[in-house]
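Results of the structural survey
As a plain string of letters, each chain reads:
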Amino acid sequence: MKNSLKNILFVIVVSILSTGVYQYYQSYNEARLFNNFLDSAALVSSLHLESSEEFKNVLDFSEISREEFEDKIGKVVSNSREAFEIINNTDASLTLKEKELLSLATSYWLQGLEMFEVSIITLIDNPNSEKIQESIAQSISDLSIGDRSYSEFLFLIKQNATSEGTFLPVLYEIEYVGLEDNSFRFADLLVEKAESSTGGLFLRRNLSISGAEFKPNAIAVTEEDYLVLLNDKIELQIVITNEGNVDAYDVVVLILVTDEYGDTVHEQQSKIDSIGPQESKIFYSDAINIEAGVLHEWFIKLEEVEKEENLNDNLYSIFGFIPPEG
């Protein structure tokens, strides 16, 4: 009887100890998984802090070039993609509200940033694209959902920060656009700001003839603005300027000289290899002889480059004559 009682007591003690050990191990394991998650969350937080600050610089648009925009938004999206992968690769057995919220935040942030990148580049390449505001508005809405999810994650994680065995790392306050109540209005403002950018966000192609003068120089000007020329071979010095913000290549210059009777005296077609943004180059026409006492017109035309904005300044004409002898 005594032995039976001892056996029963032994089984009870072992059972209690086993349960205690199991519960301790389970608690320890849960704490370990949670701390590992917090380490991942800290890395995600750091990546998105850097990205959100860079994103605000991108939204300024005022003096950013297309190259700078693509570089900056590319880094922002790259960081976001890395953060998404970090959370996506955390232990699948960890089912926490905190993890769910952070996963939502990283997912919506990545989705919004990728759509924003594509939408703005589409706007730059095709300013008249239909419904571009809709896709930008959707990207803003996604970013706002990500902001809200992350805010709830922070609130919940700080509530549980006092749990035994939990080591709370540095988790930053992060906001891309905040709780945006009207993403379409936000999108309209962004498009307007982007279109008014002065930093070369939109590629502008525009060549112009800035001026021209005869060589040798004219000796007088008539009331009709006709230039009086020396009795010598005449050439024209032409200033051609790239008013755009991209290089222009193989610029074709056409020159037509006609007399007052409408007859063609001289034709010339030449090519300038390249003109850089805001650069001017001087081009000389062929030196020709003209008949004295007859008014002549030098008509210059620059052939338009692809998607050139303003063609009015591609044309230029100037009149001159050599006084008749005697």
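To start, this report covers the structure provided alongside it. This structure is a prediction, so every number in the text was calculated from the model and none was measured.

Rules and cut-offs
Residues numbered from 1 in each chain as written. Predicted model: local features only at pLDDT ≥ 70, side-chain atom pairs only at ≥ 80, totals over all residues. Heavy atoms only, no water. Helix = DSSP H or I, 4+ residues; strand = E, 2+ residues; numbered from the N terminus. Buried < 20%, exposed > 50% of the residue type's maximum accessible area, 1.4 Å probe, protein only. Contact = heavy atoms within 4.5 Å. Pairing = 2+ DSSP bridges. Core = buried A, V, L, I, M, F, W, Y, C linked by side-chain atoms within 4.5 Å. Polar contact = N/O pair within 3.5 Å; in protein donor to acceptor, adjacent residues only side chain to side chain. Salt bridge = Lys/Arg side-chain N within 4 Å of Asp/Glu carboxyl O.

Each helix and strand counted, the protein chain has five helices and nine strands in total. The secondary structure elements of the protein chain, listed N-terminal to C-terminal, are α-α-α-α-α-β-β-β-β-β-β-β-β-β. Per-residue burial for the protein chain yields a buried fraction of 40% across its 326 residues. Restricting the contact set of the protein chain to residue pairs at least 6 apart, pairs at least 24 apart contribute 73%.

A word on the sheet that holds strand β6 (residues 264-275). With mixed pairing, the six strands of this open sheet are ordered in space as β2-β3-β9-β8-β5-β6. In this open sheet, the two edge strands, each paired with only one partner strand, are β2 (220-221) and β6. With 10 bridges joining them, strand β5 (residues 248-259) and β6 adopt antiparallel strand pairing. Bridged to tyrosine 249 within β6 is serine 274.

Residue lysine 215 is joined to proline 216 through a cis peptide bond whose omega torsion reads -5 degrees. Tracing the backbone shows proline 216 in the loop between β1 (207-215) and β2. The backbone of aspartate 250 sits at a positive phi, close to 50 degrees, despite the residue not being glycine. Its location among the elements puts aspartate 250 in strand β5. By relative accessible area, aspartate 250 is classed as partly exposed at 46%. You will see that glutamine 278, though not glycine, has its phi angle at about 60 degrees, which is positive.

Turning our attention to the nonpolar core. Judged by nonpolar contacts, the single largest core of 52 residues is most densely connected at Phe55, Phe61, Phe69, Phe116, Tyr150 and Phe153. Looking at this core, the elements with two or more residues in it are α1 (2-60), α2 (66-88), α3 (97-125), α4 (132-159) and α5 (183-195). When neighbours within four sequence positions are excluded, phenylalanine 116 is seen to be in contact with Phe55, Val58, Leu59, Phe61, Phe69, Ile73, Ser139 and Leu190. Judged by nonpolar contacts, the second largest core, of 26 residues, contains Leu207, Ala212, Leu236 and Ala248.

This brings us to the side chain of arginine 66. Mapped onto the elements of the fold, arginine 66 is located in helix α2. Here aspartate 125 takes part through its side chain, which lies 2.3 Å from a polar atom of the side chain of arginine 66. With near-sequence residues (within four places) excluded, arginine 66 lies in contact with Ile121, Ile124, Asp125, Gly200, Leu201 and Leu203.

Taken as a whole and judged by the stated rule, the model has eight salt bridges. A salt bridge links glutamate 54 to lysine 72; the shortest N-O distance between them is 3.4 Å. Here glutamate 54 is found in helix α1, whereas its partner lysine 72 is found in helix α2, with 18 residues between them in sequence. Judged by relative accessible area, which is 24%, glutamate 54 ranks as partly exposed. Residue class for lysine 72 comes out partly exposed when judged on its relative accessible area of 26%. Here lysine 193 ties to aspartate 60 by a salt bridge, and the two come within 3.8 Å at their closest N and O atoms. Highlighted residues: lysine 193 in helix α5 and aspartate 60 in helix α1, separated in sequence by 133 residues. Judged by its relative accessible area of 36%, aspartate 60 is partly exposed. Here the residues in one salt-bridge network are Arg66, Glu70 and Asp125, joined through shared partners.

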